[in-house]
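Observations on the three-dimensional arrangement
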Amino acid sequence: MRASGSDRRDHGPTVSEAEMTATLADVAARAQVSPATVSRVLNGNYPVAAATRERVLRAVDELDYVLNGPASSLAAATSDLVGILVNDIADPFFGIMAGAAQAAIGEERGAREKLSVICNTGGSPERELTYLTLLQRQRAAAVILTGGALEDPEHAAAVGAKLARLADAGTRIVLCGRPPLPGDSVTATLAFDNRGGSRRLTDHVIGLGHRRIGYVAGPPERTTTRHRLEGHRSALAAAGLRQDGLVVHGSYDRRSGYDATLELLRREPELTAVVAANDTVALGACAALRDRGLCVPGDVSVAGFVDLPFSADAVPALTTVRLPLSEAGARAGRLALGLEPAPPGGIATVHGELMVRGSTGAVRAGG
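Residues numbered from 1 in each chain as written. Predicted model: local features only at pLDDT ≥ 70, side-chain atom pairs only at ≥ 80, totals over all residues. Heavy atoms only, no water.

In the annotation of an unreviewed UniProt entry, the entry for the chain reads LacI family transcriptional regulator, and the organism field reads Streptomyces violascens.

Here you go:
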């Protein structure tokens, strides 16, 4: 945190003196706006064009400019704010975790009571960094980052540096459903066993006799995508199967599952199973198969991942791997408040459970 006199903190040699002493005028010059406009953006008390606001926030982030937070926080190391970062609050995967974390935080009363806010990044790495800067400015008591991380060493280093500064200022850091940062020693991490869960899922499909198995993966730049795909491929390798050509990447949404399944059928007309990176993608796969006149699971088995609330009510009910999203989110909330000790070594692996339902079945005769 930036302060003057005896309150000033030393963040180490990676932070230059120029960054430590950046002023409002520096931000204004970088953003090519007036100091008054910077103040309006940071105080949020006057309408500013969206493009201008983004430019100012980018300059704040680049200069690591951090103001003192609310006046009520000046006497304390941190405020009563907890920030929960999500990629997409409309996605149940993030919504369930964030809701459970908020509920756990909201149970506290009195001196421990905190205000939790959802920071929706929209999957933007720039927005993620900006939110971390703004939370540092507000002297957040805790920050919870949910879901997979971007496969980008430069971005990972930038996030790690910001989290280290937050932690140095007294902010608790919790990663929920997100892999630990390399060399990290300041966060509590609840990491989903995406590899192990994915391997068990594909083992199940192989055990039903399937050999022509397509895989619908998520975006290639996300850690979650890589880990689940690695688990799938390890199951194929153990069974002596090599099917690199039967992997299609896309977004974690229904449309992606639909389009990717049509592409898999084009590549392998005798496909007997589709394993999807998540349940929403799996529903899109089921729709594509129906539109092609194929029956699930009679002609093609389909499996998902996560066990979102709709999965058990789909027709047929979806075979998937259940990740305990609500339990993990609630634990993240308790860790954020210091109500629960950090796991040994700072990392706890959260395992999934295979849920076998009606969308997978034995391979059809001659399949």
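1. Concerning the sheet that holds strand 6 (residues 213-217)
Test applied: Should DSSP find at least two bridges between two strands, the strands are taken to pair. Helix and strand definitions follow DSSP, with helices as H or I runs of at least four residues and strands as E runs of at least two, each counted in order from the N terminus. Between N-to-C directions, angles cover 0 to 180 degrees, with each direction set by a line fitted to C-alpha atoms, over the stretch in contact for helices. Working rule for contacts: check all heavy atoms of both residues, and any pair within 4.5 Å makes them a contact.
Strands sit in the order 7-6-8-9 across an open sheet of 4 strands; the sheet is parallel. In the strand order of this sheet, the two ends are held by strand 7 (247-249) and strand 9 (301-303), each with one partner. If you compare each strand with its neighbour and ignore which way they point, the axes differ by 15° on average. Relative to strand 9, strand 8 (residues 273-276) is paired through 3 bridges, and the arrangement is parallel. Within the sheet, the bridge partner assigned to V275 lies in strand 9 and is A303. Sheet contacts for helix 8 (residues 194-207): strand 6, strand 8 and strand 9; angle to strand 8, the most-contacted strand, approximately 170°. Docked against the sheet, helix 10 (residues 254-267) engages strand 6, strand 7 and strand 8, running at close to 145° with respect to strand 6.

2. What to know about the side chain of D307
Here D307 lies in the loop between strand 9 and strand 10 (320-322). Once residues lying within four places of it in the same chain are set aside, the contact partners of D307 are D279, T320, V321, R322, M355 and R357.

3. Notes on the pairing of strand 1 (residues 81-86)
Threshold: Exposed residues in this analysis have more than 50% of their type's maximum accessible area, buried residues have under 20%, and partly exposed residues fall in between, with area computed by a 1.4 Å probe over protein chains only.
Taken across its 6 residues, strand 1 has 6 buried, putting it largely inside the fold. Residue alternation in strand 1 divides its side chains into two sets, L81, G83 and L85 and V82, I84 and V86, and both sets are buried. Bridging between strand 1 and strand 2 (residues 115-120) involves 6 bridges; their strand directions are parallel. Residue pairing in the sheet places L85 in a bridge with C119 of strand 2. Across 4 bridges, strand 1 lies against strand 3 (residues 142-146) in parallel orientation. In the strand pairing of strand 3, V82 is matched with A142.

4. Notes on unusual backbone geometry
Here the bond from V296 into P297 is cis, since omega is 5°, no more than 30 degrees from zero. With respect to the element layout, P297 can be found in the loop between helix 11 (279-291) and strand 9. Each neighbour pair has its own omega, and for V315 with P316 the value is -5°, a cis peptide bond. As for its placement among the helices and strands, P316 is situated in the loop between strand 9 and strand 10. Look at Q32: it is not a glycine, yet its phi comes out positive at around 60°. Within the element layout of this structure, Q32 appears in the loop between helix 2 (24-31) and helix 3 (35-43).

5. Describing the packing of aromatic side chains
For clarity, the threshold we go by: The rule is short: rings of Phe, Tyr and Trp, with Trp giving its six-membered ring, pair when the centres are within 6.5 Å, and they are stacked under 30 degrees, edge-to-face over 60, tilted in between.
In total, this model carries 2 aromatic pairs according to the counting rule given. Consider the rings of F93 and F94, whose centres lie 5.0 Å apart with planes at 90°: the pair is edge-to-face. Comparing F93 with F94 shows no difference in burial state: the two are buried. For the pair F93 and F192, a centre-to-centre distance of 6.3 Å together with 70° between the ring planes defines the contact as edge-to-face. Of this pair, F93 sits in helix 5 (residues 92-106) while F192 sits in strand 5 (residues 187-192); the two residues are 99 residues apart in sequence, bridging distant segments of the chain. Using a relative accessible area of 9% as the deciding quantity, one classes F93 as buried.

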